[in-house]
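Secondary and tertiary structure notes
Listed below, chain by chain, are the residues.
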Amino acid sequence: MRTPELLGMMDRYSARNYHPLPVVIERASGIWAWDPEGNRYLDFLSCYSAMNHGHCHPALVAALEKQARLVAVTSRAFHNAELGPFLKELCELTGHEMALPMNTGAEAVETAIKAARAWGYRERGVPDGQAEIIACTDNFHGRTVTIVSFSSEPAYRDGFGPFTPGFRLIPYGDAEALARAIGPHTVAFLVEPIQGESGVRVPPEGFLRRAREICSARGVLLVADEIQTGLGRTGRLLCCDHEGIKPDLVVLGKALGGGLLPISAVVGSAAVLGVFRPGEHGSTFGGNPLACAVARRALQVLVEERLAQRAAERGAQLMAGLRALHSPHVKEVRGRGLLVGVELVPQAGGARRFCESLMSEGLLCKETHQDVVRFAPPLVIGPEDIDWALERVRRVLAS
Ligand SMILES: *Cc1c(COP(=O)(O)O)cnc(C)c1O
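With 67 residues, the main nonpolar core has Phe 86, Leu 256 and Phe 375 as its most contacted residues. With nine residues, the top contributor of residues to this core is helix α11 (residues 289-304). Residues from two domains meet in this core; each of domain 1 (3-56 + 306-398) and domain 2 (58-304) gives at least three. Setting aside chain neighbours within four positions, we find Phe 86 in contact with Leu 256, Ile 263, Cys 292, Ala 295, Arg 296 and Leu 299. In this structure, Ala 116, Phe 167, Leu 221 and Leu 273 belong to the second largest nonpolar core, which totals 31 residues.

See the structure below:
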């Protein structure tokens, strides 16, 4: 089928919960994607960081095929031969003691919320039903009712109440506001090391370090949502590594599935994740051997191919190149590693228009909110490909 027919089907049958660019991806390999007409595009968004390894990485496809022929899904009523090794390798790589596998990012965030609350009641003696979790304004942690309950973005919330109580917001990046907001029943502070969805907002230097100190001093768990920033994206394995801090819980997803399938996990201390008792939490597909086999290989590839270091190098090249364009349309270029936001001035007419022009030039990216374009190519991108992309960005900004 050709692009117009496929777009027509979406128009007719799809719920309108997305507003995609009018491009259909029929196949992809590494950093490149093709539409049904054979036009080639550079994927400069990577499925919001799910595609850190690039599309259809051969080693990961091989792991998927091998495991699919062996056994793909088992009941959690039994053990499977991939889950134990996966959890061990994930814990060893991240330096944590225990892990709990789920499927999507939102499920893993929900898992971290449940763990923090149960820990508060059982280990800290918070009165039942009173646990409070602090999050940040402009956060993005997923789309479940509980998670949008503490969103500050009307588009994520309006029409979906009533909401889950027990959350409180502080301004992102303001550690002293965190210190002031902590009360006797506060069990956790949930934070993105960089806010990707809200426009690649990088907090002030030292924010996470200070938050770690405050949480430790006050007996509050630090929970880092590294679903988008983790697994090499920002130039380190985890974005928290830039500030040398270790959260009590880290939420991972997206790239954990190597760009092939959904798998997420919460990793952390045994003191916190150990609170779950049999029957209290779970997921039919969580920890299935197919996803675990792919995730194990994805973690190996991350190390073997030095993806974090390459993200640091290519990210520096990309940000320097963007800044050197000196475009009057650009207000700010910011980010870390290969998570880069270009904020346009209000007079530029919005980021959407700019993304549509880049699409015509063969570069796929997407606006986030009104005025920010997020650039987040697969971490396997080469220096010459960054130059190729910069040339397209230069052309579009000049026109
Ligand atoms: C994508 C994302 C999520 C939600 O993950 P899903 O797999 O879409 O449920 C949560 N937190 C952050 C920071 C994300 O980028």
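There is more to say after this.
Turning our eyes to something else, we now look at the pattern of salt bridges. Here the structure, examined in full by the defined rule, presents 26 salt bridges. Of the charged contacts in the structure, one is a salt bridge between Arg 210 and Glu 176, with a shortest N-O distance of 3.1 Å. Note that Arg 210 is positioned in helix α9 (residues 207-218) and Glu 176 in helix α8 (residues 175-181), a separation of 34 residues in sequence. Given a relative accessible area of 32%, Arg 210 falls into the partly exposed group. Residue Glu 176 is classed as partly exposed on the basis of its relative accessible area, which comes to 38%. Of the charged contacts in the structure, one is a salt bridge between Glu 391 and Arg 395, with a shortest N-O distance of 3.5 Å.

What follows is about the environment of Glu 97. With respect to the helices and strands, Glu 97 occurs in the loop between α4 (83-94) and β4 (98-102). Of the residues examined, Glu 97 reaches a relative accessible area of 57% and is grouped as exposed. C-alpha separation for the pair Glu 97 and Leu 87, spaced 10 residues apart in sequence, amounts to 9.5 Å. In terms of polar contacts, Glu 97 uses its side chain to reach the backbone amide nitrogen of Ala 270, at 2.6 Å.

Rules and cut-offs
- Residues numbered from 1 in each chain as written.
- Predicted model: local features only at pLDDT ≥ 70, side-chain atom pairs only at ≥ 80, totals over all residues.
- Heavy atoms only, no water.
- Core = buried A, V, L, I, M, F, W, Y, C linked by side-chain atoms within 4.5 Å.
- Buried < 20%, exposed > 50% of the residue type's maximum accessible area, 1.4 Å probe, protein only.
- Helix = DSSP H or I, 4+ residues; strand = E, 2+ residues; numbered from the N terminus.
- Domains from an automatic or database assignment.
- Contact = heavy atoms within 4.5 Å.
- Salt bridge = Lys/Arg side-chain N within 4 Å of Asp/Glu carboxyl O.
- Polar contact = N/O pair within 3.5 Å; in protein donor to acceptor, adjacent residues only side chain to side chain.

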